[in-house]
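Residue-level structural notes
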Amino acid sequence: MTTHHARLSQAAEQPWRNGGGTTRVLLAWPGDDRWRLRVSVATIAADGPFSPFPGVERWFAVIEGAGVRLALPEGTAVLQPGDAPRRFDGEAAPGCTLLDGATQDLNLMARRDAGHAGMAAAAVGSELGAGFAWRGLYAADAATLEIGGPGGPVEPLAAGTLLWSDAADDAAWTLRQGRRAWWLWLEHA
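Residues numbered from 1 in each chain as written. Predicted model: local features only at pLDDT ≥ 70, side-chain atom pairs only at ≥ 80, totals over all residues. Heavy atoms only, no water.

**Some details on the overall build of the chain**
Counting secondary structure elements, the chain contains zero helices and 19 strands. Its C-alpha atoms give the chain principal-axis dimensions of roughly 50 × 35 × 30 Å. Looking at the chain as a whole, 50% of its 189 residues are labelled buried. In the chain, the share of contacts with a sequence separation of at least 24, taken over all contacts with a separation of at least 6, comes to 69%. Distance from the positive charge centre (16 side chains) to the negative charge centre (21 side chains) of the chain: 3 Å. (Helix = DSSP H or I, 4+ residues; strand = E, 2+ residues; numbered from the N terminus. Buried < 20%, exposed > 50% of the residue type's maximum accessible area, 1.4 Å probe, protein only. Contact = heavy atoms within 4.5 Å. Lys, Arg positive; Asp, Glu negative; His and termini not counted. Charge placed at Lys NZ, Arg CZ, Asp CG, Glu CD.)

So this is what it looks like as structure tokens:
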């Protein structure tokens, strides 16, 4: 199986048009010009609305900082580090209020016609099965990923690394070490 790595430290910081933060795109898959799935880490430095992304399913998790309050169509949602990732429609473009200073946040966006995306916290010992069009693990802290069960290849990950694969295989992934990490996936359309 082929895996790929993208490091936060090597991703260019892109300032937002509204001046409220920056984004570092770790991956635009399969390519930048017409991505079907995008993974990024943003720094939110000021209150303000998210950018609208029509036709896109979004997932959002707070990595560090006190957290945010999102004004979503179905009501207000408070997200803090350790909370489950939040899914919302890209059209929503929710207003965002910082709880107490800047935050760093993990973002997963997938075009709806590409399939159904998902994000979940990855605890040590948790597993992500096979059969996805795309799957990944974002490790905010150093981590170790085992591929294919006991005795299988082991991938050490530096802090701030996205490991991903779009290879069709049947090897499950298991997080063996790591504190703050998230499973990411895209099911076939």
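Let's pick the thread back up.
**Focus: the sheet that holds strand 5 (residues 48-49)**
In spatial order, the strands read 5-10-7-8; together these four strands make up an open sheet with antiparallel pairing. Each edge of the open sheet is held by one strand with a lone partner, namely strand 5 and strand 8 (75-79). Bridge count between strand 7 (residues 68-72) and strand 10 (residues 95-98): four bridges; the pairing is antiparallel. Within the sheet, the bridge partner assigned to arginine 69 lies in strand 10 and is threonine 97. (Pairing = 2+ DSSP bridges.)

**Details of the sheet that holds strand 12 (residues 117-121)**
The strand order 1-17-14-19-12 describes an open sheet built from five strands, whose pairing is antiparallel. Two strands close off the open sheet at either side, each with one partner strand: strand 1 (4-7) and strand 12. In this sheet, adjacent strand axes meet at a mean angle of 20° when their direction is disregarded. Of the pairings in the sheet, the one linking strand 1 to strand 17 (residues 161-165) comprises four bridges and is antiparallel in character. Of the residues in strand 17, the one forming a bridge with alanine 6 is leucine 162. (Axes fitted to C-alpha atoms, helices over the stretch in contact; angles between N-to-C directions.)

**A short note on the environment of valine 62**
Its location among the elements puts valine 62 in strand 6 (residues 56-64). Of the residues examined, valine 62 reaches a relative accessible area of 3% and is grouped as buried. The sequence separation of valine 62 and glycine 118 amounts to 56 residues, and the corresponding C-alpha distance is 15 Å. Those residues within four positions of valine 62 in sequence are excluded, and the remaining contacts are Gly67, Val68, Leu79, Gln80, Pro81, Gly82, Gln104, Asp105 and Trp182.

**Looking at unusual backbone geometry**
Across the junction of tryptophan 29 and proline 30, the peptide omega takes the value 5°, indicating a cis bond. Turning to its location among the elements, proline 30 is positioned in the loop between strand 3 (21-29) and strand 4 (37-44).

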